[in-house]
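Residues per chain are reported as follows:
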Amino acid sequence: SRVIERCAARPVDCSRRRRFSAEFLKPVFPGHDAVISTLGPRKPSKSACTIYSDSGAAIAEAMRACGMKRVLITSTALLFPPEGLLDRALRVIAKNTQQAAGLMETRVAEADLDYTFARPGFLTNGESAQFTKAAGAEPEDGKSISREALATFLVTEVEEDNHLREVVGLAA
């Protein structure tokens, strides 16, 4: 796709930077149509989860400084209302993830950007690019999605802009 070709031409390796700053991002953003962030913690510890809120604030500040508007951010399905006992237990176990992701979404939304928050369930290493989506809700037919399917949604969304200023639940 056009998005993948443009990204491949100007790769930026941010994976080794645990904390982002707007100063780091400002020179990277010009010349791009959108920002896609798939940052998230590996563990639900309080310190690991700050990557959500720290990166959200840095991305929003850098985008405003560069005059960019379009951002797609991977968040978490934990922000949807719990549907049962397992969902409630997960929210207790991953309370830090839920709080930090909520703060990130708030910071980005308040920055007056054209955001899309992708809220997948559990991420898997499956090879399927198939997914279901629901605007403003968790899809009824699943609690997990492959990383490939998440990437497919993000690239498709940046090209088509079907969900501007929306939260989208994703599952496979």
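Check the entry above for the structure.
Reading the values: rules and limits
- Counting starts from 1 at the beginning of each chain's written sequence and moves along it residue by residue.
- Side-chain atom pairs in this predicted model are given and counted only at pLDDT of 80 or more, local residue features only at pLDDT of at least 70, and totals for whole chains, interfaces and linings cover all residues.
- Derived side-chain values reflect all non-hydrogen atoms in the structure, with water molecules and hydrogen atoms excluded from consideration.
- Only buried residues count toward a nonpolar core, which is a set of Ala, Val, Leu, Ile, Met, Phe, Trp, Tyr and Cys residues joined through side-chain atoms within 4.5 Å.
- Burial classes follow relative accessibility: with a 1.4 Å probe on protein chains only, a residue under 20% of its type's maximum area counts as buried, one over 50% as exposed, and anything between as partly exposed.
- A helix here means a DSSP run of H or I that spans at least four residues, while a strand means a run of E at least two residues long, and both kinds are numbered starting from the N terminus.
- Any pair of residues with heavy atoms lying within 4.5 Å of one another is described as a contacting pair.
- Within this document, salt bridges are pairs made up of a side-chain nitrogen of Lys or Arg and a carboxyl oxygen of Asp or Glu, the two lying within 4 Å of each other.
- At least two DSSP bridges between two strands are needed for those strands to be called paired.
- For helices, the fitted axis covers only the stretch in contact; all axes are lines through C-alpha atoms, and the angles between them, taken along N-to-C directions, range from 0 to 180 degrees.
- Any two rings among Phe, Tyr and Trp, with Trp reduced to its six-membered ring, count as a pair given centres within 6.5 Å; such a pair is stacked if its planes are under 30 degrees apart, edge-to-face if over 60, and tilted if neither.
- Placement of a charge over a ring requires the Lys NZ or Arg CZ to be within 6 Å of the ring centre, with the centre-to-atom vector within 35 degrees of the ring normal.

Caption draft 1: Focus on the nonpolar core. In terms of nonpolar packing, the biggest core is built from 28 residues, with L25, F29, V35, M63, V71, V108 and L113 touching the most fellow members. Every element with two or more residues in this core is listed here: α2 (22–25), α3 (46–66), β2 (70–74), α5 (95–110) and β3 (114–120). Considering every element that reaches this core, the biggest residue donor is α3, with seven residues. With residues near it in sequence (within four places) discarded, V35 still touches F29, I59, M63, M68, R70, V71 and L72. In terms of nonpolar packing, the next biggest core, distinct from the first, is built from 10 residues, A118, A149, L150 and L170 among them.

Caption draft 2: Highlighting the pattern of salt bridges. Counted under the stated rule, the structure contains 10 salt bridges. Across the salt bridge formed by R70 and E157, the nearest N and O atoms sit 2.8 Å from each other. Of the two residues, R70 is situated in strand β2 and E157 in helix α6 (residues 147–160); the sequence distance between them amounts to 87 residues. The buried category is assigned to E157, whose relative accessible area is 2%. It is possible to trace a salt-bridge network through shared partners that takes in K69, D112, D114 and R165.

Caption draft 3: Seen up close, the sheet that holds strand β1 (residues 34–37). Strands sit in the order β1-β2-β3-β7-β5 across an open sheet of five strands; the sheet is mixed. Sheet topology places β1 and β5 (132–135) at the edges, where each strand pairs with a single neighbour. Taking the axes of each pair of neighbouring strands and ignoring which way they run, one obtains an average angle of 20° across the sheet. Note: β1 against β2, four bridges, orientation parallel. Note that in β2 the partner of A34 across the bridge is R70. The strands that α5 touches are β2, β3 and β7 (166–171); relative to β3, the one it contacts most, it runs at about 160°.

Caption draft 4: The packing of aromatic side chains, seen in detail. Evaluation of the coordinates by the stated rule reveals two aromatic pairs. Each ring, one from F131 and one from F153, has its centre 5.8 Å from the other, and the planes form 85°; the classification is edge-to-face. Separated by 22 residues along the polypeptide, F131 in the loop between β4 (122–124) and β5 and F153 in helix α6 bring together distant segments of the chain. Exposure remark for F131: the relative accessible area of 26% places this residue in the partly exposed category. Between the NZ or CZ atom of R119 and the centre of the ring of F80, over which it lies, the distance is 4.7 Å.

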